[in-house]
Amino acid sequence: MKKEMTKLLLEYGILSSEEAEKIESINEETIAKSVKELGFNQTENITQEKIEENLDTEILGKEIYCFRKVLSTNNIAKFLANHGSPEGTVVISEIQTKARGRSGTKWESPEGGIWMSIILRPNLEPAKASLITLAAGVAIAKTMRNRGIDAKIKWPNDVLIEGKKVSGVLTEANITLNKLDYVIVGVGIDTNLNIEDLSEDLKAGATTLHDEMKLEKVDENIIIADLLKEFEEIYKLYADQQIEVILKDWRDNSDTIGKYVEITQALGQKSIGYAVGINKEGSLIIEKTDGTLEKVISGRCRAIE
Ligand code: BTN
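Throughout, a residue's number is its position along its own chain's written sequence, starting from 1. In view of the model being predicted, local features appear only for residues whose pLDDT reaches at least 70, and side-chain atom pairs are presented and counted only at 80 or more, with totals across whole chains, interfaces and linings using the full set of residues. Side-chain numbers come from the whole structure's heavy atoms, not from hydrogens or water.

Trainee: Would you mind showing me how to read the overall build of the protein here?
Mentor: Each helix and strand counted, the protein has 10 helices and 13 strands in total. Over its C-alpha atoms, taken along the principal directions, the protein stretches across nearly 65 × 50 × 35 Å. The cut-offs for exposure are 20% and 50% of the maximum accessible area for each residue type, with area from a 1.4 Å probe on protein chains only; residues under the lower value are buried, those over the upper are exposed, and the others partly exposed. A buried classification covers 54% of the 305 residues belonging to the protein. Whether two residues are in contact is decided by their heavy atoms, any of which lying within 4.5 Å being enough. Within the protein, counting contacts between residues at least 6 apart in sequence, those at least 24 apart form 65% of the total. Surface accessibility of the protein: about 14,300 Å² in total, with carbon and sulfur atoms responsible for 49%. A run of H or I in DSSP becomes a helix once it reaches four residues, and a run of E becomes a strand once it reaches two; helices and strands are each numbered from the N terminus. Using a 1.4 Å probe, accessible areas were evaluated by the Shrake-Rupley method; residue-level cover was limited to the displayed protein chains.

In structure tokens, the structure reads:
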């Protein structure tokens, strides 16, 4: 993590190369302070000012850091969270060069997307953290539906338009002494990028907001502000333990319930059956052909014919 910070500080001319060589002796607090300075400039499309022009939130977006290029916004957010950044801090980058997707996959993040991480500090037991991921999916789908787009959620939190993926969420939690210290919600949305620039295996299954909205260019700043507002509304419900309301929204916009699905779990184990619902922990309940029900906590979901 320190390496990424050093690289950024060098790139933005905050550290000289001589200082960078001595970075090991510079303490992390000093680096964190410099990262904060960095986060307020140098981007081309997405800026703190433009987001704030449209922002109407109390918690999310309290502090906003926009970067031109980082390895992963989740890394920066974790670093800031470890150095005391408040709940609601948002880290955005116009390009990511080593972004992570769920299940250890790589996430392609060229220019033309929203690559954003949000720091949350919910006062809840760690087992409830996975629901935040569902909540994020609901907020993204709502933000798109408010624009007249028929966005649906594929379990647990991929957002699809006409069956093609437009957004994904990677939540990473930090737990100390069996208490949730912070949660980083990493959101990726394909907004203006050219599908042809994605790798061969992604092209067929992906779409972008500008293609779906038939717009020359979608303004990421406005979408970020709207999404933070939607997510804040849902996050307040979550903090109030009004889980059923979130689950209802999730079910209402689900692309998974009622379909015959195959879930591949972390160790390659597969579960196949009809998706009949999700429970209050966010697990998917499937009905297998022998009539038994199985609860699947995590995995990659694929609808099969
Ligand atoms: C997935 O569908 O596999 C989840 C993708 C999550 C990507 C986002 S982009 C911002 C944040 N930084 C990362 O490295 N990953 C997440």
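Trainee: Looking at this structure, I do not really get the pairing of strand β1 (residues 64–70). What am I missing?
Mentor: As a general feature of sheets, a regular strand has side chains that alternate between the two faces. Here β1 lies mainly inside the structure; six of its seven residues are buried. DSSP calls a pair of strands paired once it identifies at least 2 bridges connecting them. Here β1 pairs with strand β2 (residues 90–100) via six bridges, running parallel. Paired with Cys66 across the strands is Ile92, a residue of β2.

Trainee: Honestly, the packing of aromatic side chains in this entry has me stumped. Any pointers?
Mentor: The geometry of two aromatic rings is summed up by the distance between their centres and the angle between their planes. We call Phe, Tyr and Trp rings a pair once their centres come within 6.5 Å, taking the six-membered ring for Trp, and we label the pair stacked below 30 degrees between planes, edge-to-face above 60, and tilted otherwise. According to the stated counting rule, one finds four aromatic pairs in the structure shown. Measuring from centroid to centroid gives 6.4 Å for Trp107 and Trp115, while their planes differ by 80°, and the two rings are edge-to-face. Centre to centre, the rings of Phe231 and Tyr235 are 6.5 Å apart; their planes meet at 45°, and the pair counts as tilted. With Phe231 and Tyr235 both in helix α9 (residues 220–239) and four residues apart, this pair spans about one turn of that helix. An identical accessibility class is assigned to Phe231 and Tyr235; each is buried.

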